[in-house]
Amino acid sequence: MDERRPGYCLEAPFYLSDEFYRRDIDAVFAATWIFAAAAAEVPEPGDFVTIDIGDYSVIIIRDDDEEIRAHHNVCRHRGARLLSETNGSVGNIVCSYHQWTYSPEGDLMSAGVQAPGFDRTCFSLRSVNVRVVAGLVFICLAHNPPEDFAEVAQRISPYIQPHALNKTKVAAQVDLIEHANWKLVMENNRECYHCEAGHPELTCTFFPTYGYAPDEIPKRLKPAYQRYLDAEERLRVNSERNNLPTQLIAELSGRATGFRIERAALDGKGESYTMDGGAASAKLLGELDTPELGRLSMHTQPNAWFHFMGDHAVTFSLIPLGPDTTRVRSTWLVHEDAVEGVDYDVENLTTVWVKTNEQDAALCAKAHRGISSPAYVPGPYAPTESDLEEFCTWYIERLQAHRAQTDVQQA
Ligand code: 3BY
Ligand code: FE
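This text gives an overview of the structure that appears in the document. Nothing here was measured: the structure is a model prediction, and the numbers come from that model.

**So, the state of the cysteines**
So, point 1. Taken as a whole and judged by the stated rule, the model has one disulfide.
So, point 2. Each sulfur of the disulfide joining C192 and C195 lies 2.0 Å from the other. Linking C192 and C195, the disulfide has an S-S dihedral of approximately -100 degrees and is accordingly described as left-handed. Accessibility classification places C192 together with C195 in one group, the buried group.
So, point 3. Unpaired in terms of disulfides, C364 finds its nearest cysteine sulfur in C195, a separation of 12 Å.

**Overview of the coordination of the iron ion (ligand 2)**
So, point 1. Listed as protein donors to the iron ion (ligand 2) are H194 (NE2), H199 (NE2), D360 (OD) and D360 (OD); their distances from the metal cover 1.9 to 2.7 Å.
So, point 2. Each of the four donor atoms bound to the iron ion (ligand 2) contributes to angles spanning 53 to 149 degrees, and the resulting shape is irregular.
So, point 3. In primary-sequence terms, the residues that donate to the iron ion (ligand 2) follow H-x4-H-x160-D.
So, point 4. H194 sits in the buried class, given a relative accessible area of 16%.

**Section: the site of ligand 1**
So, point 1. Every residue near ligand 1 is listed here: N189, E191, C192, C195, L202, F206, Y210, H299, W305, H307 and W353.
So, point 2. Separating a nitrogen atom of ligand 1 from a backbone N or O atom of N189 is a distance of 2.8 Å.
So, point 3. A distance of 2.9 Å separates an oxygen atom of ligand 1 from a polar side-chain atom of H307.
So, point 4. Coverage of ligand 1 by the protein chains reaches 97% of its 260 Å² of free accessible surface.
So, point 5. When the residues that make up the shell around ligand 1 are grouped by side-chain class, the tally is seven nonpolar, three polar and one charged.

**Regarding the packing of helix α2 (residues 18–29) against helix α8 (residues 386–410)**
So, point 1. Between α2 and α8, the shortest axis-to-axis distance is 9 Å and the interhelical angle comes to 80 degrees. The orientation of α2 with respect to α8, classified from their angle, is roughly perpendicular. Touching F20, R23, D24, D26, A27 and V28 of α2 are W394, Y395, R398, L399 and H402, all from α8.
So, point 2. When grouped by side-chain class, the residues that make up the contact of α2 with α8 number six nonpolar, one polar and four charged.

**Observations concerning unusual backbone geometry**
So, point 1. Cis geometry marks the peptide bond from Q301 to P302; its omega dihedral reads 0 degrees.
So, point 2. A positive phi angle, close to 70 degrees, is found at E66, a residue other than glycine.
So, point 3. Inspection of the secondary structure assignment puts E66 in the loop between β3 (56–62) and β4 (68–72).
So, point 4. Looking at E66, the relative accessible area reads 45%, which means it is partly exposed.
So, point 5. In this structure, Q99 is a non-glycine residue whose phi angle is positive, near 65 degrees.
So, point 6. Here Q99 lies in the loop between β6 (93–94) and β7 (101–102).

**Considerations on the packing of aromatic side chains**
So, point 1. Scanning the entire structure with this criterion turns up 19 aromatic pairs.
So, point 2. Ring geometry for F14 against F20: centres 4.3 Å apart, planes inclined by 35 degrees, an arrangement best described as tilted. Across this residue pair, the class does not change: F14 and F20 are buried.
So, point 3. With a centroid separation of 5.1 Å and an interplanar angle of 0 degrees, the aromatic rings of F118 and F123 are classed as stacked.
So, point 4. The exposure class assigned to F118 is partly exposed, which follows from its relative accessible area of 28%.
So, point 5. The partly exposed category is assigned to F123, whose relative accessible area is 25%.
So, point 6. Pairwise contacts between aromatic rings join F14, F20, F29, W182, F391 and Y395 into one cluster.
So, point 7. The aromatic ring of Y8 is capped on one face by R5, whose charged end is 3.9 Å from the ring centroid.
So, point 8. Sitting above the plane of the F20 ring, R23 keeps its charged end 5.3 Å from the centroid.

The rules behind each value
Residue numbers here run from 1 along each chain, matching the order of that chain's written sequence. Lettering of chains starts at A and numbering of ligands starts at 1, both following the order in which they are written. Where totals are concerned, whole chains, interfaces and linings use all residues; where local detail is concerned, this predicted model gives features only for residues with pLDDT of at least 70, and gives and counts side-chain atom pairs only at 80 or more. In computing side-chain properties, one takes all heavy atoms of the structure into account and sets aside hydrogens as well as water. Cysteine sulfur atoms that pair up within 2.5 Å are treated as a disulfide. Type-normalised accessible area, obtained with a 1.4 Å probe on protein chains alone, sets the label of each residue: buried when under 20%, exposed when over 50%, and partly exposed for intermediate values. In this analysis a donor is any N, O or S atom within 2.8 Å of a metal ion (3.2 Å for sodium, potassium and calcium), and since water is not included, sites may seem incomplete. A four-donor site is classed as tetrahedral when every donor-metal-donor angle falls between 85 and 135 degrees; four donors are called square planar, and six octahedral, when trans pairs exceed 155 degrees and all remaining angles lie between 65 and 115, with any other arrangement labelled irregular. One heavy atom suffices: a residue is near a molecule or strand as soon as one of its heavy atoms comes within 4 Å of it. Any N or O atom pair separated by 3.5 Å or less is treated as a polar contact, with the protein-specific requirement of one donor-capable and one acceptor-capable atom, and with residues adjacent in sequence counted only for side-chain atom pairs. Each accessible area is a Shrake-Rupley estimate made with a 1.4 Å probe; only the visible protein chains count as cover when residues are assessed. Amino acids outside the nonpolar list (Ala, Val, Leu, Ile, Met, Phe, Trp, Tyr, Cys, Pro) and the charged list (Asp, Glu, Lys, Arg) are all regarded as polar, and Gly is one of them. Simply put, an axis is a line fit to the C-alpha atoms, just over the touching stretch for a helix, and the angle between two N-to-C directions goes from 0 to 180 degrees. Elements are defined by DSSP. Helices are runs of H or I of four residues or more, strands are runs of E of two residues or more, and each kind is numbered from the N terminus. Just so you know how the angles are binned, under 35 degrees is roughly parallel, over 145 roughly antiparallel, 65 to 115 roughly perpendicular, and the rest oblique. Should any heavy atoms of two residues lie within 4.5 Å, those residues are considered in contact. Stacked, tilted and edge-to-face are the three classes assigned to paired rings of Phe, Tyr and Trp, where Trp is represented by its six-membered ring and a pair needs centres within 6.5 Å; plane angles under 30 degrees give stacked, over 60 edge-to-face, the rest tilted. Whether a charge sits over a ring depends on NZ of Lys or CZ of Arg being within 6 Å of the ring centre and within 35 degrees of the ring normal.

Okay, here's the thing in structure tokens:
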């Protein structure tokens, strides 16, 4: 990791080996803040989702006071996995082994007959750090989670808050199992170099000029760039009227909680990720007065990206399942009062990203297969791929930070 050549993708073992996979779980997924779910995925008390990260399993549950909690999915009796389903609803969390029963807050309520002196309060579920930011649930498995998260939350909240995610519901959710290392999936997401050739549906609305410096735009993309400039001007007027921050913040590396956020114009009608760019849901989010608000896009290290539009939001999160397998979860959120079949049609809402994700999965699988050849040597990132360099820099920083911490613990 100390010999990484800047500006180049990583050496093969980072993408292929079991050793780096295990290290990635410890140094990245168990050490940094991870996007886990939208709060709308657990709308009622007792609603839960479970997220498995390496050998960890975490329950994210809304408690009786409507607070979102996160607990290790491990019984305090003899360690059995408590909830096996990926999502559902419970009154209490009951272990199916010996029926130890925990409240959604994680308190042990009953444990059958125990020895005299048994103190229930000593056997609450072990909690996991959790923060809800403008309706997005982040967790961190570390004992000392990165402290810069609070500052990031404060800076991104004003961008996301106007989309009122606390008043949304899940309209659709799709899990895709990709045959590629999680870093290849992340790298693929962080560039649009491949969009022009690879994403016919996405590029109806997502400008393929993404990542180009204005004076480097190839001739064939000039008409699209002109449309982008015109759409940006309309977006500026609409954003100002709706008091929406638009300015790019890009701090993807050099800090534990790397992120990027900006509002940018969409092509076509400029409203949403549909084939003509028109809104997919008739009920706009929050108090927004027009659907023509482009995309508020956020990238968070290590595992998520988001697009918030006037009419809906879509969240994407990945979890590594092995060195060569990654789960990508896409979740579409619409206004809680929007009625399916009346205000929105699920297929119209989801088509662009369902197709785009499938196309990306095929590209990432090809990348993984190619890198598996002994002939692979890392190649250079193009100028439009600068966010990949940021991603790799951030990743190596995390591995080094983890190594330094492990060295201190061992000393
Ligand atoms: O999802 C994103 O953030 C976009 C889509 C295409 C490339 N990427 C930057
Ligand atoms: Fe793509």
